[in-house]
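Listed below are the residues making up each chain.
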Amino acid sequence: MAITALIFTSCSPVDRVKWSKVNLLGNDIPVKRIVNGLSGSSGNTEWSEKKAINTGDCHVVSVKITRKSMQFLLSFSYDRENGECRLIEYRVNGKPESPFYIYKFMNANRYRFLPEFVDDYF
């Protein structure tokens, strides 16, 4: 337990967001699963923390995903005090999109028979 606490207290905001879950239209989905779904097998991901936007106990972390002819930009807010992660911006090719569009890239069949804790390893 102490090792886990040490790991998560010393992680950067980018690492904390990567291993967090986001409430997406009523479903708690791991950020890693969202990013893997959007990037696919041939996509490139680039994580960054927006240092200028550090409001109180929140960090803003964004990920840019390039996949074939598409470019996705997701921005997350991570609240250090309660460990809550939220999706605050989602853009496809520079245009704002609904978070519902993310479900188009989620492969539900692959995870249908696996327990929820297994998502952390994919």
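For the structure, check the block above.
Computed from a predicted structure; not experimentally measured. (Residues numbered from 1 in each chain as written. Predicted model: local features only at pLDDT ≥ 70, side-chain atom pairs only at ≥ 80, totals over all residues. Heavy atoms only, no water.)

Participant: Please clarify how the nonpolar core should be interpreted in this entry.
Facilitator: Grouped burial of nonpolar side chains is what soluble globular proteins tend to show. If you look at the biggest cluster of nonpolar residues, it comprises 22 residues, and the most contacted ones within it are Ile 34, Leu 38, Phe 72, Leu 74 and Phe 76. Residue assignment for this core shows that the elements contributing at least two residues are helix 2 (13-18), strand 1 (21-24), helix 3 (31-39), strand 4 (58-67), strand 5 (70-79) and strand 6 (84-92). Apart from residues lying up to four places away in sequence, Leu 74 is in contact with Ile 34, Leu 38, Val 61, Ser 62, Val 63, Ile 65, Leu 87, Glu 89, Tyr 90 and Ile 102. (Core = buried A, V, L, I, M, F, W, Y, C linked by side-chain atoms within 4.5 Å. Buried < 20%, exposed > 50% of the residue type's maximum accessible area, 1.4 Å probe, protein only. Helix = DSSP H or I, 4+ residues; strand = E, 2+ residues; numbered from the N terminus. Contact = heavy atoms within 4.5 Å.)

Participant: Looking at this model, I keep getting lost on the packing of aromatic side chains. Mind explaining?
Facilitator: In this description, an aromatic ring pair is defined by two values, namely the gap between the centres and the angle between the planes. In total, this model carries one aromatic pair according to the counting rule given. An angle of 45° between the planes, with centres 6.4 Å apart, marks the rings of Tyr 90 and Tyr 101 as tilted. Of this pair, Tyr 90 sits in strand 6 while Tyr 101 sits in the loop between strand 7 (95-96) and helix 4 (108-111), and the two are eleven residues apart along the sequence. Look at Tyr 101 and you get partly exposed, because its relative accessible area is 23%. (Phe/Tyr/Trp six-rings, centres within 6.5 Å; stacked < 30°, edge-to-face > 60°.)

Participant: What is the right way to look at unusual backbone geometry in this model?
Facilitator: The general pattern is negative phi for most residues beyond glycine and trans for most peptide bonds. Not every positive phi belongs to a glycine, and Lys 68 is a case in point at roughly 50°. Overall, Lys 68 belongs to the exposed group, its relative accessible area being 74%. With phi around 50°, Asn 93 is a residue other than glycine that occupies positive phi space. Mapped onto the secondary structure, Asn 93 falls in the loop between strand 6 and strand 7.

Participant: What should I look at first to understand the side chain of His 59 in this one?
Facilitator: Mapped onto the elements, His 59 comes out in strand 4. Here His 59 falls in the buried class, since its relative accessible area comes to 9%. Only 3.2 Å separates the side chain of His 59 from the side chain of Arg 80, close enough to count as a polar contact. (Polar contact = N/O pair within 3.5 Å; in protein donor to acceptor, adjacent residues only side chain to side chain.)

Participant: Just to check I follow, could you spell out the pairing of strand 6 for this structure?
Facilitator: A regular strand carries its side chains on alternate faces of the sheet. Pairing of strand 5 with strand 6, which is carried by eight bridges, proceeds in the antiparallel orientation. Paired with Asp 79 across the two strands is Glu 84, which belongs to strand 6. Where strand 5 hands over to strand 6, the hairpin turn is made up of four residues, of which Gly 83 adopts a positive phi near 70°. Across two bridges, strand 6 lies against strand 7 in antiparallel orientation. The partner of Val 92 across the bridge, within strand 7, is Lys 95. (Pairing = 2+ DSSP bridges.)

Participant: So what exactly am I meant to see when it comes to helix 3 here?
Facilitator: Quick reminder: α-helices carry 3.6 residues per turn. Residues three or four places apart thus point the same way. Helix 3 sits mainly inside the fold: seven of its nine residues count as buried. Inspection of helix 3 places Val 31, Arg 33, Ile 34, Val 35, Gly 37, Leu 38 and Ser 39 among the buried residues, and these make up the whole buried set. In the stretch just after helix 3, Gly 40 is the one whose phi turns positive, near 65°.

Participant: Please explain the pairing of strand 5 as it appears in this structure.
Facilitator: Most of strand 5 sits out of view: seven of its ten residues are buried. In this sheet, strand 5 lies alongside strand 4 in antiparallel orientation, the contact comprising ten bridges. Note that in strand 5 the partner of Ile 65 across the bridge is Phe 72. The turn joining strand 4 and strand 5, which pair antiparallel and follow one another in sequence, is formed by two residues; a positive phi near 50° is taken by Lys 68.

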